[in-house]
Amino acid sequence: LEFSNSGNVEIKGTFHPIIGKVSMDLVAINCQNANVFEGDEAIFWGGKNANIRVETLAKKYGKIPYELLVGLSSRVKRKFINE
């Protein structure tokens, strides 16, 4: 997926741009002048208010949602929530 230099990540209800190249499961986020600290939750899609829909991201990158969901490395922590 080409998230490099495009897209945003939600941290503490504020959106921050992805900067530079995404390498495997490592990504840089511009949090300049923000109250963000190591260990804060970064949301790429979904979230408590579902501000970033996986369907929207898939469409933006010419994929289907399934491709985004199964394309995650096994090193990425998963949190399953039952509603």
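Residues numbered from 1 in each chain as written. Predicted model: local features only at pLDDT ≥ 70, side-chain atom pairs only at ≥ 80, totals over all residues. Heavy atoms only, no water.

*Asks:* Looking at this model, I keep getting lost on the pairing of strand β1 (residues 8-11). Mind explaining?
*Replies:* For a regular strand, the rule is simple: side chains alternate between the two faces of the sheet. Alignment of β1 against strand β2 (residues 14-23), held across 4 bridges, turns out to be antiparallel. Paired with V9 across the bridge in β2 is H16. Hairpin remark: β1 followed by β2, antiparallel, with 2 residues in the connecting loop; positive phi at K12, about 55°. (Pairing = 2+ DSSP bridges. Helix = DSSP H or I, 4+ residues; strand = E, 2+ residues; numbered from the N terminus.)

*Asks:* What is the right way to read the environment of V54 from this model?
*Replies:* Looking at where V54 falls in the secondary structure, it is placed in helix α1 (residues 54-60). Discounting chain neighbours no more than four positions away, the residues touching V54 are W45, P65, L68 and L69. (Contact = heavy atoms within 4.5 Å.)

*Asks:* Would you explain the nonpolar core in this entry?
*Replies:* Side chains that are nonpolar tend, in soluble globular proteins, to be buried together. Among the nonpolar cores identified, the biggest contains 10 residues, and these are F3, V9, I11, I18, I52, V54, L57, A58, Y61 and L68. Those elements giving two or more residues to this core turn out to be β1 and α1. Among the elements that take part in this core, α1 stands out by supplying 3 residues, more than any other. When neighbours within four sequence positions are excluded, L57 is seen to be in contact with F3, F44, W45, I52 and L68. (Core = buried A, V, L, I, M, F, W, Y, C linked by side-chain atoms within 4.5 Å. Buried < 20%, exposed > 50% of the residue type's maximum accessible area, 1.4 Å probe, protein only.)

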